[in-house]
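# What the coordinates show
So the chains spell out like this:
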Amino acid sequence: HVGKSLLTAAFCRIFKQDGYRVLPFKAQNMSNNAYVTTGGGEIGRAQAEQSFACGIEPSVLVNPILLKPTTDVGAQVIVLGKVVGTMTAQEYQEFKPQLRSTVTDALRKLTERADILVIEGAGSPAEINLKASDLVNMWVAKQANAKVLLVGDIDRGGVFAHLVGTMELLDEEERRLVRGFVINKFRGDLALLESGVQWLEARYGLPV
């Protein structure tokens, strides 16, 4: 809930208005808020809204994997719009390696159709316990050689700890992809934030 989906939609609309062919992409989404495409496939509603921001009809390619939670430890798994089964978290972890080709194929097809692909991650890009089977965060960024923005929600508190902690848990190759930080949902006196922003920019040489 840091605002990734809304920021992705905003970038899509801005690039569209600037005259680019732009498409959204989120390799794996977890949501019960699904959108049904004209072809009858299910994708995350956020990716449908991002598609509309690009001025295009939503496609299953923009969200090739959708997880619809059924319990605390299980979800219905939808691949390219179609249900492939219901799995526990552990079963899905074992199934994920089979999905990497699905993600890279969707990424390739979208890249061929767009000047700019705006890619949204899911949760934290530094979940080291899940990194070996990552399908949606820094693994995708490396496949696309994407410029990465890290987004933090100041409303929750600890935004600098979140951003610094993420950078420190990324490996060197991943850190090279990061081009800046976004501190979202800020309200109040900017002067009270500036010393932290200056510290963050000085430590990593990246704009906030």
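Figured I'd write up the structure that's included with this text. Treat the numbers as computed from the prediction; the structure is a model and nothing was measured. (Residues numbered from 1 in each chain as written. Predicted model: local features only at pLDDT ≥ 70, side-chain atom pairs only at ≥ 80, totals over all residues. Heavy atoms only, no water.)

### Quick notes on the overall build of the chain
Summing up its helical and strand segments, the chain has 8 helices and 10 strands in all. The C-alpha atoms of the chain give 17 Å as radius of gyration, which agrees with the globular expectation for 208 residues (17 Å, within 12%). Looking at the chain residue by residue over its 208 residues, the buried ones come to 44%. Taking all contacts inside the chain whose residues are at least 6 apart in sequence as the whole, residues at least 24 apart take part in 64%. By element, 52% of the accessible surface of the chain is carried by carbon and sulfur atoms, the whole surface being about 11,000 Å². Charged side chains in the chain number 23 positive and 23 negative. The centres of these two groups are separated by 4 Å. (Helix = DSSP H or I, 4+ residues; strand = E, 2+ residues; numbered from the N terminus. Rg over C-alpha atoms; globule rule 2.2 N^0.38 Å. Buried < 20%, exposed > 50% of the residue type's maximum accessible area, 1.4 Å probe, protein only. Contact = heavy atoms within 4.5 Å. Areas by Shrake-Rupley, 256 points an atom, 1.4 Å probe, with all protein chains shown as cover. Lys, Arg positive; Asp, Glu negative; His and termini not counted. Charge placed at Lys NZ, Arg CZ, Asp CG, Glu CD.)

### Considerations on the packing of aromatic side chains
Describing an aromatic ring pair means giving the distance of the ring centres and the angle of the ring planes. Here the structure, examined in full by the defined rule, presents 4 aromatic pairs. The rings of Phe11, Phe15 and Tyr20 are connected pair by pair, giving a single aromatic cluster. (Phe/Tyr/Trp six-rings, centres within 6.5 Å; stacked < 30°, edge-to-face > 60°.)

### Structural notes on helix 6 (residues 159–169)
Within the sequence span of helix 6, burial applies to Val159, Leu163, Val164, Thr166 and Met167. Summarising the axial view, the buried residues of helix 6 lie within an arc of 155 degrees, below the 170-degree limit, and thus occupy one face. Elements that come into contact with the buried residues of helix 6 comprise strand 9 (148–153), helix 7 (172–177), strand 10 (178–184) and helix 8 (194–204). (Arc of directions from axis to C-beta.)

### Quick notes on the packing of helix 6 against helix 8
At their nearest, the axes of helix 6 and helix 8 sit 11 Å apart, and the two run at 5 degrees to each other. Our classification of the angle between helix 6 and helix 8 gives roughly parallel. Contacts between helix 6 and helix 8 involve Phe160, Leu163, Val164, Met167 and Glu168 from the former and Gly196, Val197, Trp199, Leu200, Arg203 and Tyr204 from the latter. Tallied by class, residues from the contact of helix 6 with helix 8 come to 8 nonpolar, 1 polar and 2 charged. (Axes fitted to C-alpha atoms, helices over the stretch in contact; angles between N-to-C directions. Parallel < 35°, antiparallel > 145°, perpendicular 65-115°, else oblique. Nonpolar A, V, L, I, M, F, W, Y, C, P; charged D, E, K, R; others polar.)

### Considerations on the pairing of strand 1 (residues 22–25)
Within a regular beta strand, the side chains point alternately toward one face of the sheet and then the other, so they alternate between its two faces. Because side chains alternate across strand 1, one face comprises the buried residues Val22 and Pro24, and the other comprises Leu23 and Phe25, equally buried. The pairing of strand 1 with strand 8 (residues 116–119) spans 4 bridges and is classified as parallel. What sits directly across from Leu23, in strand 8, is Leu117. (Pairing = 2+ DSSP bridges.)

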